[in-house]
Amino acid sequence: MTPLRRAQAGSVVAFATNGLLSATFISRIPALRESLGLNNSAVGLMLLAMGIGSVAALPLAGGLVMRWGAARLVRRCAALCAVALCLVAISGSWLEEAWLVALFLVAYGVGYGVWDVAMNVEGAAVERLGGKTLMPQLHAMWSVGTVLGGLLGIALVGTLPTVWHIAVVAAVALAACWWGTAGFLPAEPPPEGHSPRRELIAAWRSPHTLLLGLMVLAFAAAEGSANDWVALAMIDGYDVSHRVGVACYAAFVFCMSLARFAGAKVIDRVGRQPVLLASAALAGAGILLTVFAGSFGLALVGIVLWGFGAALGFPLGISIAADDETRAAARVSVVSTLAYGAFLGFPPILGAVGDQIGTLRSLLVVAVLMLPAAALAVTVARRRSV
C-alpha cells in the first residue's frame, strides 16, 4: 500500500471511530437517564456540557495540530474520549452522580472537538496530495461509524451493562484509531519563525476565513436542525406516529450519506461553486417543501431534497479552508468553531421559535439561511484563498 493510500485509510478509520464512539454514547443516554432519575430537561442540560467542551476547545485545536501533528493529536484525543466515556458510564451507572457525568462529558467534548479538527486537517492534506476530492467521503464514513454504533447499541442494550458496553467499544475504537493514525502523513516541521498563536489570530482576522466559516455555519444549521427536529416536526406537523417520524430522520441521514459518497466525483467534474450553490438551493427548496407540502408524501420528498442539499456544505467548507497548506490547521479550526456554534446554538433557537409558530414552521429559519449560504459560496468557493 502506498503512503498516500495508507494515509487515506487512516483518515477513514479516524472518521469512522469518531462516529462509532459518538453513537455508542447516544445509544446509552436512555439508560443513563433512568439510572440518574433525570427528566428530559435535565438530560438536555447534562448533554449541553459536551457541547460546551467542544466549542471551548475548538479555537485551540489549530494550534495543537501545528505543534503536535495530526497523528499524535488524534491519538491523544481518542484516548481522552475513550477514558472520558468510560468515566461517564461509571459515574452514571455505578456512582449515580449527575454532576460527575456532566464533568466527564465536558472532557469528552474537548477531545471530540479537537479530534474533529485534527482528522479534518489530515483528510484535507490527503485530498490535496491526491488531487481528488475526498472530504465528503470521509464525512460519509463518520456516518457509517454512527450507524455501526447504533446497531451495536440495539444489539447490546439489555444484554450488556452500560459500563461494559462502552468500555469494550471504546477499547476497540481506540485500538483501531491507533492503528489508523500510524499511516497518517508525516508531520511537516513548522517554517522558521512560525508561531501557532499568530497563525490563529491571523485566521480569525481573515475576512475570507470568517466568510467561509459563516457559510459552513449555515450548512451546519441545515444539517443539525434535521438531526434535532425533523422527526418532531413531522410528528407535530403531519400527525405521523413516533416510529414514522424517526423513519423520516433515517431517510434524511441516508440521503445525506449517499450524497457524500457520490458527491466527490460531481465536485471534481463541475467544481466547488456550482455544487455549493446547488446544495443551498436543494436544502432551501427541500425545507420549504417539507413545511408547506400539505401532505406527508410531498413532505417526505422535501426531506429527501433537504438531505441531499445539506450533505456537502460542511466537508467542502473544510476543503476550502485547508487549501493553503501552511495555514490549514488554523483556518480549519476557525471554520469548525463557527460550524459547531450552529450545532450548539440552533436547537434552542428553533425550540423557542417553535413554541411561537409551531415545530414545523420553525424550520423556515433554516431555509432563510440558505440565501446567505448561496451568496457566500460565490465569494469563498475558490481553489486558493486570498
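Note that this is a predicted model, so its numbers are computed, not measured. (Residues numbered from 1 in each chain as written. Predicted model: local features only at pLDDT ≥ 70, side-chain atom pairs only at ≥ 80, totals over all residues. Heavy atoms only, no water.)

### Looking at the overall build of the protein
Thought 1: Within the protein, the secondary structure is distributed over 16 helices and zero strands.
Thought 2: Burial statistics for the protein: of 386 residues in total, 51% are counted as buried.
Thought 3: Residue pairs in contact within the protein that sit at least 24 positions apart in sequence constitute 84% of those at least 6 positions apart.
Thought 4: Distance between charge centres in the protein, computed from 24 positive and 18 negative side chains, equals 8 Å. (Helix = DSSP H or I, 4+ residues; strand = E, 2+ residues; numbered from the N terminus. Buried < 20%, exposed > 50% of the residue type's maximum accessible area, 1.4 Å probe, protein only. Contact = heavy atoms within 4.5 Å. Lys, Arg positive; Asp, Glu negative; His and termini not counted. Charge placed at Lys NZ, Arg CZ, Asp CG, Glu CD.)

### A look at the nonpolar core
Thought 1: By size, the foremost hydrophobic cluster in this structure holds 116 residues, and its most contacted members are W115, M215, W306 and M370.
Thought 2: With 14 residues, the top contributor of residues to this core is helix α9 (residues 207–238).
Thought 3: The residues that make up this core include at least three from each of domain 1 (1–186) and domain 2 (196–385).
Thought 4: Apart from the residues lying within four places of it in its own chain, the contact partners of M215 are L276, G313, G317, A373, L376, A377 and V380. (Core = buried A, V, L, I, M, F, W, Y, C linked by side-chain atoms within 4.5 Å. Domains from an automatic or database assignment.)

### With respect to the domain arrangement of the protein
Thought 1: Taken domain by domain, the protein holds domain 1 (1–186) and domain 2 (196–385).
Thought 2: Each of domain 1 and domain 2 has a C-alpha centre, and the two are 21 Å apart.
Thought 3: Listed as interface residues are 30 residues of domain 1 and, on the opposing side, 26 residues of domain 2.
Thought 4: With both chains or domains summed, domain 1 and domain 2 bury close to 2500 Å², and 70% of this area falls on carbon and sulfur atoms.
Thought 5: Put simply, domain 1 and domain 2 have zero salt bridges between them.
Thought 6: Of all elements in the fold, only α3 (40–68), α5 (98–130) and α6 (135–156) reach the threshold of two or more residues within the side of domain 1 that touches domain 2. (Buried area = accessible area lost by both parts, 1.4 Å probe. Salt bridge = Lys/Arg side-chain N within 4 Å of Asp/Glu carboxyl O.)

### Looking at a positive patch on the surface
Thought 1: A cluster of basic residues, R5, K132, K265 and R269, forms a positive patch on the protein surface.
Thought 2: Along the chain, K265 turns up in helix α10 (residues 242–270). (Patch = residues over 30% accessible without salt bridge, like charges linked within 9 Å, V, L, I, M, F, W, Y side chains within 5 Å. Areas by Shrake-Rupley, 256 points an atom, 1.4 Å probe, with all protein chains shown as cover.)

### Some details on the side chain of T133
Thought 1: Tracing the backbone shows T133 in the loop between α5 and α6.
Thought 2: Judged by its relative accessible area of 12%, T133 is buried.
Thought 3: Only 2.6 Å separates the side chain of T133 from the side chain of D268, close enough to count as a polar contact.
Thought 4: Those residues in contact with T133 that sit more than four places away from it in its chain are E127, A264, I267 and D268. (Polar contact = N/O pair within 3.5 Å; in protein donor to acceptor, adjacent residues only side chain to side chain.)

### Quick notes on a nonpolar patch on the surface
Thought 1: On the surface, a cluster of nonpolar side chains totalling about 350 Å² of accessible area is made up of L45, L48, I52 and L344.
Thought 2: Looking at the nonpolar patch, the element that brings in the most residues is α3, giving three residues.
Thought 3: Take L45: its relative accessible area is 60%, and that puts it in the exposed class.

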